[in-house]
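Descriptive structure summary
Here is how the chains run, residue by residue.
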Amino acid sequence: MLDELVRKELSEEEITELKLEEIIKYLTLIKKSKTFVDAEIRKEELKFLSELAESLFELRLAKILEGKVSKGFDEFIFNIFNLLKQFYIELLIGRYIIYNDKIYCIVQKPLIYNNHKVDEGDILALPMREALPLIIASYLTPYKIDIEEQL
């Protein structure tokens, strides 16, 4: 089935919609098949399936990076890549406030940071490495500079 998904993804310009029901059926078949085969054959099968899964991921990611709209059971995964892409672009064009390797962010959801409670609307300056996972999880939003206004 993975080979069919890879073939279909290759043939379509847009991202194909992978339905969760189809993936669940496929996973059920894989789990059942392991009881009927030799361990060495199973090892090779898993290697082959891993390569197909990696190819499918890379094809779908390439389409996302080209601006295609993600859809299907894995949409939430590719939405993270869109967030990363946007973060990277805005970082490199100078839209964020960064001082001493720290990025200034607005708290969107209350959280505990370094044993201190911070509330919605508070401003935090964090190392980018620590801020990015919280940005992806929607706890923080980088504070943006209106660079058009500075022109």
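Refer to the structure presented above.
How each quantity is defined
- Residues numbered from 1 in each chain as written.
- Predicted model: local features only at pLDDT ≥ 70, side-chain atom pairs only at ≥ 80, totals over all residues.
- Heavy atoms only, no water.
- Helix = DSSP H or I, 4+ residues; strand = E, 2+ residues; numbered from the N terminus.
- Rg over C-alpha atoms; globule rule 2.2 N^0.38 Å.
- Buried < 20%, exposed > 50% of the residue type's maximum accessible area, 1.4 Å probe, protein only.
- Contact = heavy atoms within 4.5 Å.
- Areas by Shrake-Rupley, 256 points an atom, 1.4 Å probe, with all protein chains shown as cover.
- Lys, Arg positive; Asp, Glu negative; His and termini not counted.
- Charge placed at Lys NZ, Arg CZ, Asp CG, Glu CD.
- Patch = residues over 30% accessible without salt bridge, like charges linked within 9 Å, V, L, I, M, F, W, Y side chains within 5 Å.
- Salt bridge = Lys/Arg side-chain N within 4 Å of Asp/Glu carboxyl O.
- Phe/Tyr/Trp six-rings, centres within 6.5 Å; stacked < 30°, edge-to-face > 60°.

Our focus in this paragraph is the overall build of the chain. The helix and strand tally for the chain stands at 5 helices and 6 strands. Mapped from its N terminus to its C terminus, the chain presents α and β elements in the order α-α-α-α-β-β-β-β-β-α-β. Relative to its length of 151 residues, the chain is extended, with a C-alpha radius of gyration of 21 Å against a globular reference of 15 Å. Within the chain, the proportion of its 151 residues that are buried is 26%. Considering only residue pairs separated by 6 or more positions, the chain has 58% of its internal contacts joining residues 24 or more positions apart. Of the roughly 10,600 Å² of accessible surface on the chain, 58% is carried by carbon and sulfur atoms. Here the chain contributes 21 positively and 28 negatively charged side chains, and the mean placements of these two sets differ by 4 Å.

Attention now goes to a nonpolar patch on the surface. Where nonpolar side chains cluster on the molecular surface, the patch consists of Leu20, Ile24 and Phe73 and spans about 260 Å² of accessible area. Here Ile24 lies in helix H2 (residues 20-33). Classification of Ile24 by relative accessible area gives partly exposed; the value is 46%.

The next subject is the pattern of salt bridges. Summed over all chains, the structure comprises 8 salt bridges. The salt bridge partner of Glu13 is Lys68, with a shortest N-O separation of 3.7 Å. Within this pair, whereas Glu13 is found in the loop between helix H1 (2-11) and H2, its partner Lys68 is found in the loop between helix H3 (39-65) and helix H4 (75-92), the two being separated by 55 residues in sequence. Classification of Glu13 as exposed rests on a relative accessible area of 61%.

So, on to the packing of aromatic side chains. Following the criterion strictly, the structure yields 4 aromatic pairs and no others. Taken together, Phe57, Phe78 and Phe81 form an aromatic cluster joined through their ring pairs.

Quick look at the environment of Pro110 now. Tracing the chain through its elements places Pro110 in the loop between strand S2 (102-107) and strand S3 (111-113). On the basis of relative accessibility, which here comes to 46%, the residue Pro110 falls in the partly exposed class. With 18 residues separating them along the chain, Pro110 and Met128 place their C-alpha atoms 19 Å apart. Beyond its immediate sequence surroundings of up to four residues, Pro110 is in contact with Lys117, Val118, Asp119, Glu120 and Tyr139.

A few words on the side chain of Lys68. By relative accessible area, Lys68 is classed as buried at 18%. In this structure Lys68 touches Glu13, Glu14, Ile15 and Lys63, once residues within four positions along its chain are discounted.

For Asn100, which is not glycine, the phi torsion reads 50 degrees and is therefore positive. Mapping Asn100 onto the fold places it in the loop between strand S1 (98-99) and S2. Positive phi, close to 50 degrees, is recorded for Asn114, a residue that is not glycine. The residue Asn114 is located in the loop between S3 and strand S4 (116-118) in this model.

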